[in-house]
Amino acid sequence: MRPNLIIAIFLLSACTGSEKEEQKKIIDSAAVVEEKDTSIQKIYSENFPTGNFEQLVEIYEDPNRRNWQNPDLVLDMLGDLQNKTVADIGSGTGYFAIRVAQFADKVIAIDIDERFIDYIEERKLEIADTISQKIITRLTSENEPSIKAGEADVVLLVNTYPFIKNRPEYFSKVKQGLKNNGRLAILDYKKGNIPVGPPDEIKISPEQVFAELRQAGFKEFSIDEKSLDYQYVIIAQ
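Read on for an overview of the structure.

## Section: the packing of helix 3 (residues 53–60) against helix 7 (residues 114–124)
Part 1 of the reasoning: It is at 12 Å that the axes of helix 3 and helix 7 come closest, and there the two elements cross at 65°. For the element pair helix 3 and helix 7, the recorded crossing hand is right-handed. The segment helix 3 lies against helix 7, with Phe53, Leu56, Val57 and Tyr60 engaging Arg115, Phe116 and Tyr119.
Part 2 of the reasoning: Counted by class, the contact of helix 3 with helix 7 contains 6 nonpolar, no polar and 1 charged residues.

## A short note on the sheet that holds strand 1 (residues 85–89)
Part 1 of the reasoning: Across the sheet, which stays open at both edges, the 7 strands sit in the order 3-2-1-4-5-7-6 with mixed pairing between neighbours. Edge positions in the sheet fall to strand 3 (135–139) and strand 6 (221–224), since each of these pairs with one other strand and no more. Put simply, the sheet's adjacent strands are angled 20° from each other on average, direction ignored.
Part 2 of the reasoning: Taken strand by strand, helix 9 (residues 167–177) contacts strand 1, strand 4 (152–158) and strand 5 (178–189), and its axis lies near 135° from that of strand 5.
Part 3 of the reasoning: Its contacts with the sheet place helix 10 (residues 206–215) against strand 5, strand 6 and strand 7 (231–236), and it is angled at close to 20° to strand 7.

## Section: the pattern of salt bridges
Part 1 of the reasoning: In this structure the tally under the stated criterion is 10 salt bridges.
Part 2 of the reasoning: A salt bridge links Glu61 to Arg123; the nearest nitrogen and oxygen atoms lie 3.1 Å apart. Pair noted here: Glu61 is in the loop between helix 3 and helix 4 (65–69) and Arg123 is in helix 7, with a separation of 62 residues, a long-range link.
Part 3 of the reasoning: When salt bridges with common partners are traced through the structure, they connect Lys106, Arg138 and Glu151 into a single cluster.

## Let's talk about the environment of Leu187
Part 1 of the reasoning: Structurally, the position occupied by Leu187 is in strand 5.
Part 2 of the reasoning: Given a relative accessible area of 2%, Leu187 falls into the buried group.
Part 3 of the reasoning: In sequence terms Leu187 and Leu228 are 41 residues apart; their C-alpha atoms lie 9.9 Å from each other.
Part 4 of the reasoning: Setting aside residues up to four positions removed in sequence, Leu187 forms contacts with Gln69, Val74, Phe96, Leu157, Val158, Asn159, Leu228, Gln231, Tyr232 and Val233.

## Comments concerning the pairing of strand 5
Part 1 of the reasoning: Counting buried positions over the 12 residues of strand 5 gives 9, a clear majority of the element.
Part 2 of the reasoning: Sheet analysis places strand 4 next to strand 5, joined by 6 bridges and oriented parallel. Within strand 5, the position partnered with Val154 by the bridge is Arg183.
Part 3 of the reasoning: The β-α-β motif built from strand 4, the intervening helix 9 and the parallel element strand 5 has right-handed crossover chirality.
Part 4 of the reasoning: Both strand 5 and strand 7 contribute to a ladder of 6 bridges, which runs antiparallel. Within strand 7, the residue paired with Asp188 across the bridge is Tyr232.

What counts and how
- Residues numbered from 1 in each chain as written.
- Predicted model: local features only at pLDDT ≥ 70, side-chain atom pairs only at ≥ 80, totals over all residues.
- Heavy atoms only, no water.
- Axes fitted to C-alpha atoms, helices over the stretch in contact; angles between N-to-C directions.
- Helix = DSSP H or I, 4+ residues; strand = E, 2+ residues; numbered from the N terminus.
- Left-handed = near helix turned anticlockwise from the far one by under 90°.
- Contact = heavy atoms within 4.5 Å.
- Nonpolar A, V, L, I, M, F, W, Y, C, P; charged D, E, K, R; others polar.
- Pairing = 2+ DSSP bridges.
- Salt bridge = Lys/Arg side-chain N within 4 Å of Asp/Glu carboxyl O.
- Buried < 20%, exposed > 50% of the residue type's maximum accessible area, 1.4 Å probe, protein only.
- Right-handed = clockwise from strand over helix to strand, strands pointing away.

Here it is in structure tokens:
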């Protein structure tokens, strides 16, 4: 049995009444993920041309993305980034990393795909030095966020959370990488029939995110499900 499902069952044993009903939903969700774990990457590969890097770049850098993801609004949600270090896990083409670097003191663009790391390094040559010199790239593995202890004021994950395995363990490492009063920001897709994002089989509900992050040691949460049409934003500390 996977750790996430064991955690969910443990949470259920500690709850009563309506809380137990809510945790049962999380267990059901975790069980589905356990059964379909091997198919998640299959579903992803069927919807995204992982082998064709140029097509991936076109998807991530689609001009229409600005309309539905509203990066300027997301940056506002992150608060004042002056003199702060932001780690962007799953940075991809640097869609957010480059924007964040306009305001933050330092941005760590982290990805498991070396092609994206190389792509960001190439993009740095095309943008102003005052921005590019703030961005450092970091190649990592699936099980490691690769953030040094107390290195980041903000950790950002955009459209990445469902693809991380053993999330309570992974995000306990992320928490260690945050400075005192540091914040974790997760931006991901709402479930339901929406025109962007992966199939519902891949999406993860905010309730499950909260449960997993609590196990990782996070205690304070806020969520915005209204500002963006197709996505929720969770801030955890």
